[in-house]
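# Analysis of the macromolecular model
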Amino acid sequence: RRHTRCSRDWSSDVCSSDLDEAIIMGVDDNLWEQVGGIGIQGPAGPQGPGGTIAYYGSWQTNQDIIAAATNTAYSIAYDTLDEAYGWTLNNGSQLICPQTGVYNIQYSAQFHNRGGGGSGDTVNVWLAKNGTTIADTNSIFTVNNNSPYIIGAVNYVLTVNAGEYLELKWSTANTNIVMEYVGATSPVPETPAIITTITPVTHTIQGTTGLQGLTG
């Protein structure tokens, strides 16, 4: 250790290894001033904002869904909540959005033609927002007696504003065509009449990095 003693009135030695590689110069008879070298590192920057909150929901219907009349629009209702965060169900069929964003809406429905007459064999399913049909969302399924069970599965990507609600609508040309629930028979679990899920389409999950602290 190299020591330097000042000719002024100092009560202890100044050790060069304790100066953090700084250059110390006297500027008058009593004061010393640091004029160069590396200072102490600044404090850590603030934490970045949180990542995207993922609002989602999944609902199903564990009973048959039946149309009372042909070629008539009906809202598809749910009786079972699987999981949800933010999204809520109102009046059995209205799925209410908690936050404005882009969402993936998907359904899987089991159609069954129970026979018994009727000339039609088609089913239409489409999406509505706030009670109004959304253009270009309809799908047509053919359900005849030769193929009694048909799975209809469709997904949409849609911007939904906070407070708006979505509904799936359906109609059929034959009231003998239903969305059918099948109870569990070991080892097979229940088969819901319909399952509908909503998940967010996110751009980022991780928050941004905090700012770097200032150099001393």
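What you see is a predicted model; the values in this text were computed from it and never measured. (Residues numbered from 1 in each chain as written. Predicted model: local features only at pLDDT ≥ 70, side-chain atom pairs only at ≥ 80, totals over all residues. Heavy atoms only, no water.)

## Overview of the overall build of the chain
Stated precisely, the cut-off is as follows: Segments assigned H or I by DSSP are reported as helices when at least four residues long, segments assigned E as strands when at least two residues long, and all are numbered from the N terminus. Accessible area is worked out with a 1.4 Å probe on protein chains only. A residue is then buried under 20% of its type maximum, exposed over 50%, and partly exposed in between. Residues count as neighbours in contact if any of their non-hydrogen atoms are within 4.5 Å of one another. Accessible surface is estimated by sampling points in the Shrake-Rupley manner with a 1.4 Å probe; for residues, cover comes only from the protein chains shown.
Helix and strand counts for the chain come out as 0 helices and 17 strands. Looking at the chain as a whole, 30% of its 216 residues are labelled buried. Sequence separation of 24 or more characterises 70% of the internal contacts of the chain that already satisfy a separation of 6 or more. With an accessible surface of roughly 13,300 Å², the chain has 50% of that area assigned to carbon and sulfur atoms.

## Re unusual backbone geometry
A cis geometry characterises the amide bond from Ser 186 onward to Pro 187, with omega recorded as 5°. Look at Asn 91: it is not a glycine, yet its phi comes out positive at around 55°. Along the polypeptide, Asn 91 turns up in the loop between strand 8 (88-90) and strand 9 (94-96). On the basis of relative accessible area, Asn 91 is assigned to the exposed category, the value being 63%.

## Here's the deal with a nonpolar patch on the surface
Put simply, the rule is: For patches, a residue must show more than 30% relative accessible area and have no salt bridge; joins then use 9 Å for like charges and 5 Å for nonpolar side chains, namely Val, Leu, Ile, Met, Phe, Trp and Tyr. Each reported salt bridge corresponds to a side-chain nitrogen of Lys or Arg within 4 Å of a carboxyl oxygen of Asp or Glu.
A contiguous nonpolar patch, built from Ile 53, Tyr 56 and Tyr 85 and spanning about 280 Å² of accessible area, is present on the exposed surface. Note on placement: Ile 53 falls in the loop between strand 4 (32-36) and strand 5 (56-61). Assessed through its relative accessible area of 46%, Ile 53 is described here as partly exposed.

## Concerning the pattern of salt bridges
Side chains that differ in sign of charge can pair as their charged atoms come close. Applying the stated criterion to the full structure yields 4 salt bridges. Close ionic contact of Arg 114 with Asp 64 constitutes a salt bridge, the shortest N to O distance being 2.5 Å. In this pair, Arg 114 is assigned in the loop between strand 10 (101-113) and strand 11 (122-129) and Asp 64 in the loop between strand 5 and strand 6 (74-75), connecting sequence segments 50 residues apart. Two residues, Lys 169 and Glu 167, come together in a salt bridge whose shortest N-O distance is 3.7 Å. Judged by its relative accessible area of 17%, Lys 169 is buried.

## A word on the pairing of strand 17 (residues 194-200)
Let me state the cut-off plainly: Two strands qualify as a pair provided that DSSP identifies no fewer than 2 bridges between them.
Sheet topology note: the strand 5/strand 17 ladder contains 5 bridges and is antiparallel. The residue of strand 17 that forms the bridge with Ser 58 is Thr 197. As defined by bridge partners, strand 10 adjoins strand 17 across 7 bridges and the pair is classed as antiparallel. Among the inter-strand pairings, Ser 108 is bridged to a residue of strand 17, identified as Ile 195.

## Some points on the side chain of Gln 60
Mapping Gln 60 onto the fold places it in strand 5. The exposure class of Gln 60 is buried, given its relative accessible area of 14%. The residues touching Gln 60, leaving out its near neighbours within four places in the chain, are Tyr 78, Asp 79, Thr 80, Asp 82, Pro 192, Ile 194 and Ile 195.

## Describing the side chain of Thr 196
Applied cut-off: For the purposes of these results, a polar contact is taken to be a pair of N or O atoms within 3.5 Å, where, inside protein, one atom must be able to donate a hydrogen and its partner to accept one; residues adjacent in sequence count only when each atom of the pair is a side-chain atom.
Its location among the elements puts Thr 196 in strand 17. In this structure Thr 196 comes out as buried when scored by relative accessible area, which is 1%. Within the structure, the side chain of Thr 196 is placed 2.8 Å from the side chain of Tyr 78, a separation counted as a polar contact. Once residues lying within four places of it in the same chain are set aside, the contact partners of Thr 196 are Gly 57, Ser 58, Trp 59, Tyr 78, Leu 95, Gln 106, Tyr 107 and Leu 168.

## As for the nonpolar core
What counts is decided by this rule: What we call a nonpolar core is a set of buried Ala, Val, Leu, Ile, Met, Phe, Trp, Tyr and Cys residues that are connected through their side-chain atoms within 4.5 Å.
Counting residues in each nonpolar core, the largest one holds 32 residues, and the members touching the most others are Ile 76, Trp 87, Tyr 107, Val 125, Leu 168, Met 179 and Ile 194. With 5 residues, strand 10 is the single largest residue contributor to this core.

## Some words on the environment of Thr 70
When you line up the elements, Thr 70 lands in the loop between strand 5 and strand 6. In this structure Thr 70 comes out as partly exposed when scored by relative accessible area, which is 36%. For the pair formed by Thr 70 and Val 123, sequence separation is 53 residues and the distance between their alpha carbons is 9.8 Å. For Thr 70, the contacting residues outside a window of four places in its chain are Thr 172, Ala 173, Asn 174 and Thr 175.

## Examining the packing of aromatic side chains
Defined as follows: Pairs were defined over the aromatic rings of Phe, Tyr and Trp, the Trp ring being its six-membered one, requiring ring centres within 6.5 Å. Orientation was assigned from the angle between planes: stacked under 30 degrees, edge-to-face over 60, tilted for the rest.
Counting across every chain of the model gives 4 aromatic pairs. Ring centres of Phe 111 and Phe 141 lie 5.4 Å apart, and the angle between their planes is 35°; on these two criteria the pair is classed as tilted. Within this pair, whereas Phe 111 is found in strand 10, its partner Phe 141 is found in strand 13 (residues 139-142), the two being separated by 30 residues in sequence. An aromatic cluster of at least three residues, connected via ring pairs, comprises Tyr 55, Tyr 56 and Tyr 85.

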